[in-house]
Amino acid sequence: MKSISVIGSGTMGNGIAHVFAQHGYQVSLVDIKSEFLEKALATISKNMDRQVAKGAISQAEKEASLGRIATFTSLEGGVKKADLVVEAATENLGLKLDIFHQLDQLTPSEAILASNTSSISITKIAAVTKRPSQVIGMHFMNPVPVMKLVEVIRGYATSDEVTKTIMALSRDLSKDPVEVNDYPGFVANRILMPMINEAIYTLFEGVAGVSEIDTVMKLGMAHPMGPLQLADFIGLDVCLSILKVLHEGFGNPKYAPCPLLVNMVEAGYKGVKTGEGFYHYTPGNKELVVASRFSK
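Predicted model only: the values in this text are computed from it and were never measured. (Residues numbered from 1 in each chain as written. Predicted model: local features only at pLDDT ≥ 70, side-chain atom pairs only at ≥ 80, totals over all residues. Heavy atoms only, no water.)

## Regarding the environment of Ile 112
- Mapped onto the elements, Ile 112 comes out in strand 5 (residues 112-115).
- Separated by 134 residues in sequence, Ile 112 and Leu 246 place their C-alpha atoms 27 Å apart.
- Every residue in contact with Ile 112, bar those within four places of it in the chain, is listed here: Met 1, Asp 83, Leu 84, Val 85, Gln 134, Ile 136, Val 162, Thr 165 and Ile 166. (Helix = DSSP H or I, 4+ residues; strand = E, 2+ residues; numbered from the N terminus. Contact = heavy atoms within 4.5 Å.)

## Focus: the UniProt feature "domain: 3-hydroxyacyl-CoA dehydrogenase C-terminal" (unreviewed entry) in the protein chain
- The positions that UniProt labels "domain: 3-hydroxyacyl-CoA dehydrogenase C-terminal" (unreviewed entry) are, in the present scheme, residues 185-281.
- Overall, residues 185-281 shows 62% helix and 3% strand. The separation of its end C-alpha atoms is 28 Å. (UniProt positions renumbered as here; feature names shortened; annotations may be inferred.)

## So, the packing of helix 1 (residues 11-22) against helix 2 (residues 34-54)
- Look at helix 1 against helix 2: their axes get within 10 Å of each other, and the N-to-C directions meet at 55 degrees. Judged by the inter-axis angle, helix 1 sits oblique to helix 2. When you trace helix 1 past helix 2, the crossing you get is right-handed. Taken together, the residues of helix 2 that come into contact with helix 1 (itself represented by Asn 14, Ala 17, His 18 and Gln 22) are Ala 40, Thr 43, Ile 44, Asn 47, Met 48 and Gln 51.
- Split into classes, the residues belonging to the contact of helix 1 with helix 2 amount to four nonpolar, six polar and no charged. (Axes fitted to C-alpha atoms, helices over the stretch in contact; angles between N-to-C directions. Parallel < 35°, antiparallel > 145°, perpendicular 65-115°, else oblique. Left-handed = near helix turned anticlockwise from the far one by under 90°. Nonpolar A, V, L, I, M, F, W, Y, C, P; charged D, E, K, R; others polar.)

## With respect to the pattern of salt bridges
- A complete count under the given rule lists eight salt bridges for this structure.
- The partner of Arg 154 in a salt bridge is Glu 179, and the shortest N-O contact between them spans 3.6 Å. In this pair, Arg 154 is assigned in strand 7 (residues 149-154) and Glu 179 in strand 8 (residues 176-181), connecting sequence segments 25 residues apart.
- Residue class for Glu 179 comes out partly exposed when judged on its relative accessible area of 41%.
- Each of the salt bridges in this network shares a partner with another, and the network as a whole consists of Glu 87, Glu 91 and Lys 96. (Salt bridge = Lys/Arg side-chain N within 4 Å of Asp/Glu carboxyl O. Buried < 20%, exposed > 50% of the residue type's maximum accessible area, 1.4 Å probe, protein only.)

## What to know about the UniProt feature "site: Important for catalytic activity" (unreviewed entry) in the protein chain
- As recorded in UniProt, the feature "site: Important for catalytic activity" (unreviewed entry) lies at His 139.
- Secondary-structure assignment places His 139 in strand 6 (residues 135-140).
- Since its relative accessible area comes to 6%, His 139 is described here as buried.
- In contact with His 139, not counting residues within four places along its chain, are Ser 115, Asn 116, Thr 117, Ser 118, Leu 149, Val 150, Glu 151, Ile 153 and Asn 189.
- A polar side-chain atom of His 139 sits 2.8 Å from a polar atom in the side chain of Glu 151. (Polar contact = N/O pair within 3.5 Å; in protein donor to acceptor, adjacent residues only side chain to side chain.)

## So, the packing of helix 8 (residues 188-204) against helix 10 (residues 227-234)
- Close contact between helix 8 and helix 10 brings their axes to 9 Å; oriented N to C, the two are set at 115 degrees. The two elements helix 8 and helix 10 meet at a crossing, and its hand is left-handed. In contact with Leu 192, Met 193, Met 195, Ile 196, Ala 199, Ile 200 and Leu 203 of helix 8, helix 10 contributes Pro 227, Leu 228, Leu 230, Ala 231 and Ile 234.

## Section: the state of the cysteines
- By the definition in use, this model includes zero disulfides.
- Free of any disulfide, Cys 239 has its nearest cysteine sulfur in Cys 258, 12 Å distant.
- Note on Cys 239: relative accessible area 1%, which makes it buried.
- Among the residues examined, Cys 258 registers a relative accessible area of 0% and is labelled buried. (Disulfide = S-S within 2.5 Å.)

## A look at the layout of surface pockets
- Estimates place the volume of the second largest pocket at around 290 Å³.
- Surrounding the second largest pocket, 15 residues form its lining, Leu 93, Ile 120, Lys 124, Val 245 and Glu 248 being those nearest its centre.
- If one sorts the elements of the lining of the second largest pocket by residue count, helix 11 (residues 236-250) sits on top with five residues.
- Partitioning the lining of the second largest pocket into residue classes produces five nonpolar, five polar and five charged. (1 Å grid on protein atoms, 1.4 Å probe; cavity = no way out; pocket = protein on both sides within 12 Å on 5 of 7 lines; lining within 4 Å. Points joined across faces, edges and corners; volume = space filled by probe spheres on them.)

## Details of the packing of aromatic side chains
- By the definition in use, this model includes four aromatic pairs.
- Residues Phe 20 and Tyr 25 carry aromatic rings whose centres are separated by 5.5 Å and whose planes lie at 90 degrees to one another, so their mutual orientation is edge-to-face.
- The buried category is assigned to Phe 20, whose relative accessible area is 0%.
- Take Tyr 25: its relative accessible area is 9%, and that puts it in the buried class. (Phe/Tyr/Trp six-rings, centres within 6.5 Å; stacked < 30°, edge-to-face > 60°.)

## Some thoughts on unusual backbone geometry
- Note that the residue after Asn 142, namely Pro 143, is joined by a cis bond; omega there is 0 degrees.
- In this structure, Pro 143 sits in the loop between strand 6 and strand 7.
- Within the chain, Ser 174 stands out as a residue other than glycine whose phi angle is a positive 65 degrees.
- Looking at where Ser 174 falls in the secondary structure, it is placed in the loop between helix 7 (160-172) and strand 8.

What follows is the structure in structure tokens.
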């Protein structure tokens, strides 16, 4: 497996491209606009500069890695020679089904089709292709160049051979893959999202404030980041989408999104990406300031 195509150049997509290129793979990074791709390459370069500064890679290794990434605004052009495609588009079922339907027609018949989805059914995605045995979940964690975990999700029809290939490939990327089965939220988000949702309910019901809730979880449970800050980092819209998948998938009211989360997303307060969620975010400033609507 030498040629990797990554669909989507956002936070997850550029991180995935970064890691594959750094480990010697030829990467085709695909997105709908050239400006998105230019921004992604700038982000990858900046993140590699941090690695150079820390001594993790050399300047020569950085330049070689960047040289392995080609960009495409045409899906067909970006995947026609792929051994593996990793889809990292927006967490939207309809969009992913459309992408995989196209990938099934545009990629070589032996290519493996993977999704970086954080909650959507791999079985459902695979069903729109004629190669369900070659469709698998490859859920990287954010930030991809730093986090070691990859959830490898087997759909109902995913073959043993494909699973073994992706597990081995993940290890070749210096990641620690964990094989899981295809149920809503898989493992990471099935456990994480209810905790975040409960933290939001705790705020919503006036039990404690934003900083107090996060402090309890950081100091009491040794979490590196409080759940409300983590929600901002993930994206409140992403959290809401995953909770909806859990709620619909299990039909269990315990997964129902908190009304406060719903309102915030509808109002456009999505966390770091919009500059405000539970906290205010200023570019270049790491200080956390509780959003005015939650300040006492």
